[in-house]
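Geometric and topological summary
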Amino acid sequence: MEKLVSSWCSNIKALPESYIFPPETRPGNLTVPTYNSNIPVIDLSKAEGQNRTEMVEQILKASEEFGFFQVVNHGIPENLMNQAMDIFKEFFEILPAEEKAMLYSEDPKKSCRLLTSTPNYNWEKNHLWRDNLRHPCHPLEECIKDWPEKPIKYREVMAIFSVEAKKLGSRILEFIAEGLGLESGYFRADRRPGKLDFPSCNSVPVIDLGNGDDDRPEIVEQMLKACQEIGVFQVVNHGVSEEIINETRSMYKEFFEMPEEDKASLITEDHEKQCKLVTGSTRHNGNKLNLWRDNLKHPCHPLEDCMKSWPEKPTRYREVVAAYSTEIKKLGSRILELLCQGLGIENSSYFEGKLSEDLQMSVNYYPPCPDPSLTLGIPPHHDPTLITILHQGDVSGLQLLKDGEWFNVEAHPNAFVVNIGYQLQVISNNKVKSCEHRAVTNSNDTRITIVCFLYPASDSIIEPAASLVNESNPPLCRAFQSKEFMRNFYSMGGNGELALQPFK
Ligand SMILES: O=C(O)CCC(=O)C(=O)O
Ligand SMILES: [Fe+2]
């Protein structure tokens, strides 16, 4: 093992010969002016405000002019940065030599290695005045086993730090994609699912709604916690009868498996049409990439008006879906009332009436897929709803993004998955968050998901609820009409944050 510079440098007065560079490659004058005044320091908190476009332009300009910029208000807590810095100080300056010797390696294939100067120490002419520790951080569970075991807190602190740094990196790449006019998510490595064995998300509780008022405080607390942590929970004992659910599911299976000619009249690219059957997405024709799904969509409110546009086959379609959507609307109101209490919105009927009036049915049919690692059922997105109530039967495929990783939402045949939508996030003044999610496919089973989107009526006014706004929680945006937000949401390619910009 070469002697690490950190192990002997403190006692020496003159620079040893092997570190002295030829005159033409020495830094020479050490009083060069700092570049700080020219390299922009970019305030990332502006991403959430009116000046987002300006901030994205700053990043792009700095990238063109310097290829460097600094960021502040980047979301990595100061104490975490200090902890990481202290860990490395302890690593290089205090850790006994024998601990470091175990990590020292000249084998470039070794995942975690400590070296001095460059990896080519033995054949370099001049050594560099540095020691260096390097290791990969992704995927965390695999890499962490090779990380230093000392200082004791190394793995704990650096795991958190690396997750935060990765999030920051993804955010910055997203700003750059935005500035370059690329589609959202352009730089993300996970546009294909790649691997197929995703872990289940353990932040999604299965909440039992069944036991009446005695359990209410506990139910409310569980819901709020899930909405704050991940924005998704499941409910069982929800009051929608198993019979209605099974009947609806088998009816939809029959629908999607009907001969082509029975469905042809519903296939359309006309956005104005109320009831639409599409393959891929509604923007399929403009997309180079197709999605491995068919989708049927139509509104359900007001029922009598909408029903006329619904499919006529299977013959029981209208009767079954009318019953199902009525039950889901009731369940939706119940969940919103519980959430209202959890959020601390004083008026318990806050969501009643127009604010939760609109119900859209969206049913996905994902046939078994020849190679699920290469394609998606639905790409990553946030729902623009108040809440979404989804039934995925016994085949999982819904995935949530948490700390930059995808997790499965476990399939419970009796449960509905409830998902916080972007408009509820606004009303909660960011107290609860909507979660980015996607649907993956599988090679064995047909998967049908019955998705009910609960929306405000299009002309209702959306704003952070007055009881959630105070001096320390200023309103995240001004009031707007739901339809204004929806228009922006679609024109901004489904990006809720951008859709909200005009109302900041
Ligand atoms: O089918 C799924 O699991 C996801 C559906 C979904 O996210 C949607 O329709 O917005
Ligand atoms: Fe969704």
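On a predicted model such as this, the values are computed, not experimentally measured, just so you know.

**Some details on the pattern of salt bridges**
Where charged atoms of side chains with opposite charge meet at close range, the side chains can pair. Enumeration according to the criterion identifies 16 salt bridges in this entry. In this structure, Glu 337 and Arg 216 form a salt bridge, with 3.4 Å as the shortest nitrogen-oxygen distance. Of this pair, Glu 337 sits in helix α11 (residues 317–343) while Arg 216 sits in helix α7 (residues 216–229), placing them 121 residues apart in sequence. The exposure class assigned to Glu 337 is partly exposed, which follows from its relative accessible area of 34%. The salt bridge involving Glu 257 is made with Lys 253; its shortest N-O contact spans 3.0 Å. The network of salt bridges with common partners includes Glu 164, Lys 167 and Asp 403.

**So, helix α2 (residues 52–65)**
For α2, spanning 14 residues, the distance from its first C-alpha to its last is 20 Å, which sits close to the expected 20 Å at 1.5 Å a residue. The inward-facing, buried residues of α2 contact β1 (41–43), α6 (154–179) and α14 (496–500).

**A word on the domain arrangement of the protein chain**
Taken domain by domain, the protein chain holds domain 1 (5–180) and domain 2 (206–503). For domain 1 versus domain 2, the distance between C-alpha centres works out to 42 Å. Taken together, the contacts link 10 residues of domain 1 with six residues of domain 2. Each partner contributes to the roughly 640 Å² buried at the junction of domain 1 and domain 2, and carbon and sulfur atoms together form 43% of this total. By the criterion of area lost to domain 2, the three top residues of domain 1 are Glu 48, Arg 52 and Lys 167, representing 44% of everything that side buries. Note that Lys 167 and Asp 403 form a salt bridge whose closest N and O atoms lie 3.6 Å from each other. Run the count over domain 1 and domain 2 and you get one residue pair in polar contact (both at pLDDT 80 or more). It is α6 that provides the largest number of residues to the side of domain 1 that touches domain 2, a total of four residues. For the side of domain 1 that touches domain 2, the residue count by class is two nonpolar, three polar and five charged.

**A short note on the UniProt feature "domain: Fe2OG dioxygenase" (unreviewed entry) in the protein chain**
UniProt tags residues 355–456 as "domain: Fe2OG dioxygenase" (unreviewed entry). Secondary structure content for residues 355–456 is 6% helix and 43% strand, and the end C-alpha separation is 4 Å.

**Overview of the packing of helix α8 (residues 242–256) against α11**
Closest axis-to-axis distance for the α8/α11 pair is 10 Å, and the angle between their directions is 135°. Taken together, the axis directions place α8 and α11 in an arrangement best described as oblique. At the point where α8 passes α11, the crossing takes the left-handed sense. Contacts from Ile 244, Ile 245, Glu 247, Thr 248, Met 251 and Tyr 252 in α8 reach Tyr 317, Val 320, Val 321, Ala 323, Tyr 324 and Glu 327 in α11. Among the residues making up the contact of α8 with α11, the classes are represented as nine nonpolar, one polar and two charged.

Conventions and cut-offs
- Residues numbered from 1 in each chain as written.
- Chains lettered and ligands numbered in written order.
- Predicted model: local features only at pLDDT ≥ 70, side-chain atom pairs only at ≥ 80, totals over all residues.
- Heavy atoms only, no water.
- Salt bridge = Lys/Arg side-chain N within 4 Å of Asp/Glu carboxyl O.
- Helix = DSSP H or I, 4+ residues; strand = E, 2+ residues; numbered from the N terminus.
- Buried < 20%, exposed > 50% of the residue type's maximum accessible area, 1.4 Å probe, protein only.
- Expected span 1.5 Å × (residues − 1).
- Contact = heavy atoms within 4.5 Å.
- Domains from an automatic or database assignment.
- Buried area = accessible area lost by both parts, 1.4 Å probe.
- Polar contact = N/O pair within 3.5 Å; in protein donor to acceptor, adjacent residues only side chain to side chain.
- Nonpolar A, V, L, I, M, F, W, Y, C, P; charged D, E, K, R; others polar.
- UniProt positions renumbered as here; feature names shortened; annotations may be inferred.
- Axes fitted to C-alpha atoms, helices over the stretch in contact; angles between N-to-C directions.
- Parallel < 35°, antiparallel > 145°, perpendicular 65-115°, else oblique.
- Left-handed = near helix turned anticlockwise from the far one by under 90°.

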